[in-house]
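Results of the structural survey
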Amino acid sequence: MDFQHRQEVINLVLETPAQFQFLDSTWRGERLVALAAVSMYGKALEYASLDLQDDRDVVLAAVKQDGEALRFASNNLQDDRDLVFVAVKQSCIALNAASLRLRAYVPVVEAALKQNGYALHFASTELQDNYDIVMMALKTDGNALEYASKRLKNNRQIVQAAVKKSAYALQYASERLRADKVIVLSSVSRDISMMKYVA
C-alpha cells in the first residue's frame, strides 16, 4: 500500500463514508482509512476490522460522531468508562451497548438520562428501581415510567411527575394509581383519550 493510493482511499471515504463498507478487507483494516471513515460516519465502525473495533482511538472517533456506534466496539471498549461517557453524551441509546457493569454505574446512566429519559430502558434493573434515577428520567420523558420498576410505578410521586410531563404516562402506572383521582385528572385534563387507562 503506497502513500498515494492510501490517500486516495482516505479521500474517497471522507467524501463518501458509506464506501468504507465496500472496500477490500485490507483497507478496512487500515487504521488511517478507518479513522477517516468513522470520523464522518460513526457507524462505519461496523465494517472495520476486529482489531480496529478494539482500537480506542478509532472507536472514540466513531462515538464522537455517533454515540450509537458503540455497539460495534469490542466488548473490552464497551466496558471503558470514559469512552462510554462520550458515547452516551452523544446519544442516550448508546447505553444499550455499554457493558452490564456500566449500565449499573450511576454517573454513566445519569449522563444518558440527561440526553433523554428513554435511556432508563437500558439501565440496570437496580437503577430502574432507584427513585432518584427514575425521577431524573421523568424530567425529560414522562413515558420513561414504562421502564421503572413495578414498585416505582406504584409510587404516587413518581407517577405524578410522569403524568405531569406526559399525559400518556398514565398507561404505565400501577392499577392502584390509575384509579387515583388526582393523577387521573392530571392526565385526562390534558388528553381525554387517557380515559381508556383509568382503572
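Our subject is the structure listed above.
The sections below set out a description of the structure shown in this document.

Conventions and cut-offs
Residues numbered from 1 in each chain as written. Predicted model: local features only at pLDDT ≥ 70, side-chain atom pairs only at ≥ 80, totals over all residues. Heavy atoms only, no water. Helix = DSSP H or I, 4+ residues; strand = E, 2+ residues; numbered from the N terminus. Rg over C-alpha atoms; globule rule 2.2 N^0.38 Å. Buried < 20%, exposed > 50% of the residue type's maximum accessible area, 1.4 Å probe, protein only. Contact = heavy atoms within 4.5 Å. Areas by Shrake-Rupley, 256 points an atom, 1.4 Å probe, with all protein chains shown as cover. Lys, Arg positive; Asp, Glu negative; His and termini not counted. Charge placed at Lys NZ, Arg CZ, Asp CG, Glu CD. Patch = residues over 30% accessible without salt bridge, like charges linked within 9 Å, V, L, I, M, F, W, Y side chains within 5 Å. Salt bridge = Lys/Arg side-chain N within 4 Å of Asp/Glu carboxyl O. Core = buried A, V, L, I, M, F, W, Y, C linked by side-chain atoms within 4.5 Å. Axes fitted to C-alpha atoms, helices over the stretch in contact; angles between N-to-C directions. Parallel < 35°, antiparallel > 145°, perpendicular 65-115°, else oblique. Left-handed = near helix turned anticlockwise from the far one by under 90°. Nonpolar A, V, L, I, M, F, W, Y, C, P; charged D, E, K, R; others polar. Phe/Tyr/Trp six-rings, centres within 6.5 Å; stacked < 30°, edge-to-face > 60°.

1. Some thoughts on the overall build of the protein
If you tally the helices and strands in the protein, you get 13 helices and zero strands. By the compact-globule yardstick of 16 Å for 199 residues, the protein is too spread out, its C-alpha radius of gyration being 22 Å. For the protein, the spread of C-alpha atoms along the three principal axes comes to 75 × 30 × 20 Å. When the 199 residues of the protein are sorted by exposure, 49% land in the buried category. Residue pairs in contact within the protein that sit at least 24 positions apart in sequence constitute 38% of those at least 6 positions apart. Accessible surface for the protein amounts to roughly 10,100 Å². Of this, 49% is attributable to carbon and sulfur atoms. Here the protein carries 24 positive and 24 negative side-chain charges, and the mean point of each set is 13 Å from the other.

2. Focus: a nonpolar patch on the surface
Together, Leu 14, Met 40 and Tyr 41 make up an exposed nonpolar region whose accessible area comes to about 260 Å². The residue Leu 14 is located in helix α1 (residues 3-15) in this model. For Leu 14, a relative accessible area of 34% translates into the label partly exposed.

3. Points about the nonpolar core
Residues Phe 20, Leu 45, Leu 70, Leu 95, Leu 120 and Leu 145 are the most contacted members of the largest nonpolar core, which totals 66 residues. Mapped by element, the contributors of at least two residues to this core are α1, α3 (31-40), α5 (56-65), α7 (81-90), α9 (106-115), α11 (131-140) and α12 (156-165). Counting residues per element, this core draws most heavily on α5, at six residues. If we ignore the near neighbours within four places in the chain, the residues touching Leu 95 are Val 88, Leu 102, Arg 103, Val 108, Val 109, Ala 112, Ala 119, Phe 122 and Ala 123.

4. Details of the packing of α11 against α12
Direction vectors running N to C along α11 and α12 enclose 10°, while the axes themselves pass 8 Å from each other. Of the possible angle classes, the one that applies to α11 and α12 is roughly parallel. Taking contact as the criterion, the partners of Tyr 131, Val 134, Met 135, Leu 138, Lys 139 and Thr 140 in α11 are, on α12, Gln 157, Ile 158, Ala 161, Ala 162 and Lys 165.

5. Side note on the packing of α12 against helix α13 (residues 181-188)
Close contact between α12 and α13 brings their axes to 9 Å; oriented N to C, the two are set at 15°. Put simply, α12 runs roughly parallel to α13. When the axes of α12 and α13 are compared, the crossing they make is left-handed. Counting all contacts with α12, which are made through Arg 156, Val 159, Gln 160, Val 163 and Lys 164, the residues of α13 involved are Val 182, Ile 183, Ser 186 and Ser 187. Looking at side-chain class alone, the contact of α12 with α13 contains four nonpolar, three polar and two charged residues.

6. A few points about the packing of aromatic side chains
Enumeration according to the criterion identifies two aromatic pairs in this entry. Pairing Tyr 118 with Phe 122 gives two aromatic rings, centres 5.5 Å apart and planes at 85°, and the pair type is edge-to-face. Assessed through its relative accessible area of 30%, Tyr 118 is described here as partly exposed. An aromatic cluster of three or more residues is present, and its members are Tyr 118, Phe 122 and Tyr 147.

7. Details of α9
Turning to α9, its buried residues number three or more, namely Val 108, Val 109, Ala 111, Ala 112 and Leu 113. Those residues of α9 that are buried lie in contact with α7, α8 (100-103), α10 (125-128) and α11.

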